[in-house]
Amino acid sequence: MCIRDRGSTDGPRDRLLGWGVAGMSRAALFPPRDSKSQQTPAKVTGLAVAMEEMSTYLPALNGVLVGLCYAQSLPSAVVAHVLDPQPGERVLDLCAAPGSKSSHIATLMKDQGTLYSFDRSKNKVAKLASVAAELGITIMHPHKQDSLKYSSYIQENRTDNRPTASSTAEGEPRKKKQKPQPSGLVLERESFDRILVDPPCSALGLRPRLKIEISKEELDGHAIHQRNFLRAAMMLLKVGGTMVFSTCTMHPQENEANVRWLLDTFEGLVLEEANPRVGGVGLVAEDLLTEHEASRVQRFDPGDEESGDPPGFFIAKFTKHAPFA
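Residues numbered from 1 in each chain as written. Predicted model: local features only at pLDDT ≥ 70, side-chain atom pairs only at ≥ 80, totals over all residues. Heavy atoms only, no water.

Caption draft 1: Fine view of the pattern of salt bridges. For the structure on display, the rule yields ten salt bridges. In this structure, the salt-bridge partner of Arg-194 is Glu-89, at a minimum N-O distance of 2.6 Å. Taken together, the residues Arg-194 in strand 12 (residues 192-197) and Glu-89 in the loop between helix 2 (74-83) and strand 5 (90-93) connect sequence positions 105 residues apart. Take Glu-89: its relative accessible area is 16%, and that puts it in the buried class. Ionic pairing is found between Glu-190 and Lys-320, a salt bridge with its closest N-O pair at 2.9 Å. Linking Glu-190 in the loop between strand 11 (187-188) and strand 12 with Lys-320 in strand 16 (residues 313-320), this pair joins segments that are 130 residues apart in sequence. Classification of Glu-190 as partly exposed rests on a relative accessible area of 27%. One salt-bridge network, in which partners are shared between bridges, spans Glu-256, Arg-299 and Asp-301. (Salt bridge = Lys/Arg side-chain N within 4 Å of Asp/Glu carboxyl O. Helix = DSSP H or I, 4+ residues; strand = E, 2+ residues; numbered from the N terminus. Buried < 20%, exposed > 50% of the residue type's maximum accessible area, 1.4 Å probe, protein only.)

What follows is the structure, given as structure tokens:
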């Protein structure tokens, strides 16, 4: 079994992974897709290739040093360092599952402070709690929460003396219709020192992958969907606070274009250098980033030997200098 390397300087070449037996036919692995059809093709599942011998031996880390370490890819490990959480701070991970970044954040905080870790899946929240318990982390608070349902967990702060009732034409008070009160966890606006936004994405950077089938409409849909998570983060981040936005894709509309949207949408939001720098610079285009802005983000592209041939990834860091309008 081989993978095609498109990052070489002398043209594409194959890299031998090992020897195995195909568990599916080529037609089953790569079914034809009708370009005119609007339906998403059925997901191919099952054993594709049963590897019998690998060209290099890399043992599985599952069950190794339990409670002492959590395996991460290089770009994923860089994210928490870019966020740079400090002991005693109040931090939020809006899309925390499976827990690698949340547990890394808690470790950098020396298990001092408060860390909320959100996911909308009950099973994934249970996994987050399991990771925290396994690593002996006490400040990590996993919560089953859909980050996009703002009114269910973000408190509306009133900063003026407006009355809560209006008057009729006859001068009689009329009570306003009361909104349903949120149940469960309620967070005050602009109450977090640092927030990580690692939202659902097209995951084009994940490897190994036998194939990727996704339409342009689906890709663009991911980019728009991510902006809702970023808006929630802006509501909850303190003035002077830090937000890190990361994805595991190389798609410019999900990365550089969303950085452009943030800078154009939120007054007082400043793009900072995403240090420590391990990846390359971002993409420059009229509708994306300027050269200066591109130099402040980190882009990881598969085949980039200088970055260790990493999985695809993107990291951007911001500070908030004005209240959310």
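Caption draft 2: Helix 3 (residues 100-108), seen in detail. Summarising burial for helix 3: seven of the nine residues are buried, a large majority. Immediately downstream of helix 3, the backbone of Lys-110 shows phi near 60°, a positive value.

Caption draft 3: Structural context of the side chain of Asp-119. Looking at where Asp-119 falls in the secondary structure, it is placed in strand 6 (residues 114-119). Here Asp-119 is buried and forms no salt bridge, its nearest opposite-charge partner Lys-124 lying at an N-O distance of 4.9 Å. Among residues more than four places away in sequence, those in contact with Asp-119 are Ala-97, Lys-124, Val-125, Leu-128, His-143, Lys-144 and Gln-145. (Lys, Arg positive; Asp, Glu negative; His and termini not counted. Contact = heavy atoms within 4.5 Å.)

Caption draft 4: Broad picture of the packing of helix 2 against helix 3. Put simply, helix 2 and helix 3 touch, their axes get as near as 9 Å, and they point 40° apart. In terms of orientation, helix 2 lies oblique with respect to helix 3. The two elements helix 2 and helix 3 cross, and the hand of that crossing is right-handed. Between helix 2 and helix 3, the contacting residues are Ser-76, Ala-77, Val-79, Ala-80, His-81 and Leu-83 on the first element and Ser-100, Lys-101, His-104, Ile-105 and Leu-108 on the second. Looking at side-chain class alone, the contact of helix 2 with helix 3 contains six nonpolar, four polar and one charged residues. (Axes fitted to C-alpha atoms, helices over the stretch in contact; angles between N-to-C directions. Parallel < 35°, antiparallel > 145°, perpendicular 65-115°, else oblique. Left-handed = near helix turned anticlockwise from the far one by under 90°. Nonpolar A, V, L, I, M, F, W, Y, C, P; charged D, E, K, R; others polar.)

Caption draft 5: Layout of the nonpolar core. Leu-94, Tyr-153, Ile-195, Met-243, Val-259 and Phe-318 are the most contacted members of the largest nonpolar core, which totals 37 residues. Contributions of two or more residues to this core are made by strand 6, strand 12, helix 5 (216-236), strand 13 (237-247), helix 6 (256-265), strand 14 (269-272) and strand 16. Tallying contributions element by element places helix 5 first for this core, with seven residues. Residue contacts for Tyr-153: discarding those within four places in its chain leaves Leu-94, Phe-118, Gln-145, Asp-146, Ser-147, Leu-185, Val-186, Leu-187, Ala-232 and Leu-236. By size, the runner-up hydrophobic cluster in this structure holds 25 residues, among which are Val-91, Leu-115, Val-244 and Cys-248. (Core = buried A, V, L, I, M, F, W, Y, C linked by side-chain atoms within 4.5 Å.)

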